[in-house]
Amino acid sequence: MSISLKNIIPVLNAQWIGNSSPAEVETVSIDSRSLQNTSHSLFFALVGPNNDAHIFIADLIEIGVQNFVVTYIPEECKGKANFIVVENTLDALQQFAAYYRSLFEFPVIGLTGSNGKTIVKEWLNFLLSPDFNVIRSPKSYNSQVGVPLSVLAINEKHNLGIFEAGISTVSEMEKLEAVIKPTIGILTNIGSSHDEGFNSLEQKIKEKQLLFKYSEVVIYQKNNLVDKCMLPKTKTFSWSFDKETADVFVFKKETLNQSTTLHYKFKGNTYELNIPFEDKASIENAISCLMLMLYFNYDSVTIQSRMLLLFPVEMRLKVKTGINNCSLIDDSYSSDFQSLKIALDFLESQKQFQNKTVILSDIFQSGLSNDELYSKVSQLIVSNNISRVIGIGETISKFNDKFANCITFKSTAEFVSNFEKLDFANETILIKGARSFEFEEIVYLLEEKTHETVLEINLNAISYNLNFFKSKLKPNVKIMVMVKAFGYGNGGLEIAKLLEHHKVDYLGVAFADEGISLRNGGIHLPIMVLNPENTSFSAIIQHQLEPEIYCLKGLHAFLKIAKHKNLKRFPIHIKLDTGMHRLGFEEDSVNELIATLKGNETVEIRSILSHLATSDDLKHRDFTISQIRLFDKLSSNIVAELGINPIRHILNTSGISNYPDAQYNMVRLGIGLYGVSNDTAEQKYLENVGTLKSVISQIRSISAGESVGYGRKFMAEKTTRVATIPIGYADGISRAWGNGVGFISIKDKKAKIIGSICMDMLMVDVTEIDCTEGDRVIIFGESPTVSYIAKKLNTIPYEILTSIAQRVKRVFYR
Ligand SMILES: *Cc1c(COP(=O)(O)O)cnc(C)c1O
């Protein structure tokens, strides 16, 4: 892309406030953290309900970014860069993309629907790429922001576009339509109910149809309601399992050995098509692809030969634990220029080591000549500070000399036979390859081998929950996030990295060693240590951690070490006991605290805090108010006597929700970040973060009278199908959850836990569930939720989360 800013100012109806006259830009960015931001980037400072990218502009100017689309110019940035001032930066991004789209004329397929968009898009890309230079949305970039970014990646060499559009409420589709301008529409699936953002299913369908307003044709599964909602002049190309009037009538389906044969009628002839899937969703998605190929006049032999090769689509970037202390980012299913850019950004945000390695296959369909393409890839590699590149494939091998520190192999097999020599250790490795290279094999070699139970952590959900609580804060109230106990069991460093990106103000840990491992992992945020033992004071100082001081004895001990080390104004936090009676200065020791610190230059009170005992329980509202009053009184006294201006804070998650008037200068968010609220009404607004998954090891049928497990605690009354799952109390699943009390989810159905839970395994009843060995199961997540389990077991979600053993592998994704 190369766009003159002069041309876009009138398009955006904007005002130019610049140091220099408008120049050319080559890329568009909305991610302040991306190392791909350069002097040739145009940065759109997007503003969300709870976040505002204008705060990153000063940092971006520092690293050389010159051009910004903003709603206002931050005071400290005035005169330091070029600003395109608009009313709304998201609208501007969309208008810019719509303008850019209008510069190209080739067929563009627009996909929408409740499910299947990304799969159909990936499959169509695969099916059509032998004949077209395809540009498509990377991953599931289908939102108000993702769609414009996808479209802005078009270049002169592309001759077919495939873009998906996802909406959650009315009036969104019109905007996406203007950006995509599809010439061909595909409605993948509309689901049977309406989502929260719509009044009715009909309204939802009508809204989705707006994507096809100017399309020459719409492909869809015939359905009375959709027909009713179709815009009057729309030309359609429809299919159906039961309506003979459809253009393509699929009259028979035969399923055998995980594949399906479809028999269909089209233009008076009958055809057969074999696809390598048997589930309903995949069959429907494959038919959407068939329809498009028929519309493009492909013959049935070509269609069959390509469709036989369809594959399951992996949509997520996964972070995995590797061998020799490596961490892996697994993106082994696609290789195109756009998704490489996204993966490199993700690598930067998740890197746990200075050394970053990229294992990359040949890249297909860039729309560029190979020489241009690998030059661009090389620039990306340089700007992302990649330490070594391992190229795999005939083509990338030829361009070896474009990269510094690069080894290439002609094939995955050649890489595998040289694996030992490559000495992978202490590095973060991005594995990115086109499907045909079968990089799964490389992931397998590099991945630490553990058992099949994993706790999957959704990083997007964490960001979402953080923003939810931030939106409850008054202006200028800071936020400390508690990442103690390994991020409430969810993973310490990965979550801390994400929080650092979101610029939270503080992290809180329970013990010094937790803070030290965050520092060793490269976290720079201030970190408060809630329970610093006297023996850890030296380490605290050495790692720039900040101790919470809660008694005179601790204060004197810390002062002694700090004086000895000649420290000046070392930050400490003073904890007051206002009724929790756990840690903290009591009211009668405050005077001596003040006397000790008067005129002291060795330490500085960075904050004063206290902790609420029952912020979640409104029955004890009076008690909580009395805690807040006492905190106010004691902290005000310290502030006045010492003439200082520290941060004051008392609210935890439930406090943020229930006592908004006590935010002072900071709040301490804990459990809420991890998607759990103590309040059922609030729970609805949070996103689930952790999903504990395992697999079925074995299935057997037992007859009436037979028993299951230790102590024969389950006796079958009738023939029962029993599945064994490799997770037990040593993984943190309470034995109280066994013997018919609890359940797990298999294929969205409840499977009751029968018999006693063993150390490493448990058994469930799957008599009514159509499942096989190797199928994935969910121990907790969307269902059952952690809160539900806690309630049934008479405990609190905190205990369930933090009980999950360290031997359970954590996998992070977005
Ligand atoms: C754990 C903790 C918090 C966070 O509590 P949540 O209920 O998880 O939000 C806040 N402050 C202190 C002192 C804590 O120990």
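Calculation criteria
- Residues numbered from 1 in each chain as written.
- Predicted model: local features only at pLDDT ≥ 70, side-chain atom pairs only at ≥ 80, totals over all residues.
- Heavy atoms only, no water.
- Helix = DSSP H or I, 4+ residues; strand = E, 2+ residues; numbered from the N terminus.
- Rg over C-alpha atoms; globule rule 2.2 N^0.38 Å.
- Buried < 20%, exposed > 50% of the residue type's maximum accessible area, 1.4 Å probe, protein only.
- Contact = heavy atoms within 4.5 Å.
- Areas by Shrake-Rupley, 256 points an atom, 1.4 Å probe, with all protein chains shown as cover.
- Lys, Arg positive; Asp, Glu negative; His and termini not counted.
- Charge placed at Lys NZ, Arg CZ, Asp CG, Glu CD.
- Near = heavy atom within 4 Å.
- Polar contact = N/O pair within 3.5 Å; in protein donor to acceptor, adjacent residues only side chain to side chain.
- Nonpolar A, V, L, I, M, F, W, Y, C, P; charged D, E, K, R; others polar.
- Core = buried A, V, L, I, M, F, W, Y, C linked by side-chain atoms within 4.5 Å.
- Pairing = 2+ DSSP bridges.
- Domains from an automatic or database assignment.
- Buried area = accessible area lost by both parts, 1.4 Å probe.
- Salt bridge = Lys/Arg side-chain N within 4 Å of Asp/Glu carboxyl O.
- Axes fitted to C-alpha atoms, helices over the stretch in contact; angles between N-to-C directions.

**Focus on the overall build of the chain**
Consideration 1: From N to C terminus, the chain includes 27 helices and 41 strands.
Consideration 2: What you see for the chain is a C-alpha radius of gyration of 29 Å, in line with the 28 Å of a compact globule of 814 residues.
Consideration 3: Each of the 814 residues in the chain was classed as buried or not, and the buried ones make up 56%.
Consideration 4: For the chain, the proportion of contacts with a sequence separation of at least 24, taken over those separated by at least 6, is 66%.
Consideration 5: In the form shown here, the chain has an accessible surface area of approximately 35000 Å², with 49% of it arising from carbon and sulfur atoms.
Consideration 6: Here the chain contributes 85 positively and 91 negatively charged side chains, and the mean placements of these two sets differ by 2 Å.

**Quick notes on the site of the ligand**
Consideration 1: Residues in contact with the ligand, as listed here, are Met482, Lys484, Tyr488, Leu530, Arg582, His611, Asn652, Thr653, Arg668, Gly670, Ile671 and Tyr798.
Consideration 2: Separating a nitrogen atom of the ligand from a side-chain N or O atom of His611 is a distance of 3.3 Å.
Consideration 3: Relative to its free-state accessible area of 380 Å², the ligand is covered by the protein chains to the extent of 95%.
Consideration 4: Looking at the shell around the ligand residue by residue, the class counts come to five nonpolar, four polar and three charged.

**Some points on the nonpolar core**
If you look at soluble globular proteins, the nonpolar side chains tend to sit buried side by side.
Consideration 1: Formed by 135 residues in total, the largest nonpolar core has its most connected members in Leu507, Ile746 and Val764.
Consideration 2: Per-element tally for this core: the top contributor is helix α11 (residues 337-350), with seven residues.
Consideration 3: Every residue in contact with Ile746, bar those within four places of it in the chain, is listed here: Ile696, Ala751, Val764, Val766, Ile769, Cys771, Arg776 and Val777.
Consideration 4: Membership of the second largest hydrophobic core comes to 50 residues, among which are Phe96, Phe104, Val218 and Met230.

**Here's the deal with the environment of Tyr333**
Consideration 1: Locating Tyr333 in the fold gives a position in the loop between β18 (327-331) and α11.
Consideration 2: Residues in contact with Tyr333, not counting those within four places in the same chain, are Glu314, Gly433, Arg435 and Glu440.

**Focus on the pairing of strand β32 (residues 690-695)**
Consideration 1: With six of six residues buried, β32 lies mostly within the body of the structure.
Consideration 2: Note that β32 and strand β40 (residues 776-780) share four bridges and pair antiparallel. Of the residues in β40, the one forming a bridge with Val695 is Arg776.

**What about the environment of Ile527?**
Consideration 1: As for its placement among the helices and strands, Ile527 is situated in strand β26 (residues 527-529).
Consideration 2: Taking the C-alpha atoms as reference points, Ile527 and Ser387, 140 residues apart in sequence, are found 30 Å from one another.
Consideration 3: Filtering out sequence-adjacent residues up to four positions away, Ile527 remains in contact with Tyr506, Leu507, Val509, Gly515, Leu518, Arg519, Leu545 and Glu546.

**Concerning the pairing of strand β11 (residues 184-187)**
Consideration 1: Neither face of β11 is exposed, since Ile184 and Ile186 on one face and Gly185 and Leu187 on the opposite face are all buried.
Consideration 2: The pairing of strand β8 (residues 108-112) with β11 spans four bridges and is parallel. Residue pairing across strands places Thr112 opposite Leu187, the latter belonging to β11.
Consideration 3: Looking at chain direction, β11 and strand β12 (residues 217-221) are connected through three bridges and run parallel. Within the sheet, the bridge partner assigned to Gly185 lies in β12 and is Val218.

**Observations concerning the domain arrangement of the chain**
Consideration 1: Domain boundaries in the chain define domain 1 (3-90), domain 2 (104-240 + 279-307), domain 3 (318-446), domain 4 (457-683) and domain 5 (690-813).
Consideration 2: At the junction of the two partners, domain 4 supplies 18 residues and domain 5 supplies eleven residues.
Consideration 3: Buried surface at the junction of domain 4 and domain 5, both sides included, amounts to about 1300 Å², of which 62% is carbon and sulfur.
Consideration 4: Summed over the shared surface of domain 4 and domain 5, the number is zero salt bridges.
Consideration 5: For the interface between domain 4 and domain 5, the tally reads five residue pairs in polar contact (both at pLDDT 80 or more).
Consideration 6: For the side of domain 4 that touches domain 5, the secondary structure elements donating two or more residues are β23 (454-458), α16 (459-470), α17 (484-488) and α18 (492-501).
Consideration 7: Here the element with the most residues in the side of domain 4 that touches domain 5 is α17; it accounts for three residues.

**Focus: the sheet that holds strand β16 (residues 269-275)**
Consideration 1: As summarised here, the arrangement of the nine strands in space is β9-β10-β8-β11-β12-β13-β14-β15-β16, forming an open sheet in which the pairing is mixed. What marks the edges here is a single partner per strand, and that holds for β9 (134-136) and β16. Taken pair by pair, the neighbouring strands of this sheet meet at an average axis angle of 20 degrees, ignoring direction.
Consideration 2: This element, helix α9 (residues 280-295), spans β8, β11, β12, β13 (236-240), β14 (248-256), β15 (259-266) and β16 of the sheet and lies at about 140 degrees to β13.

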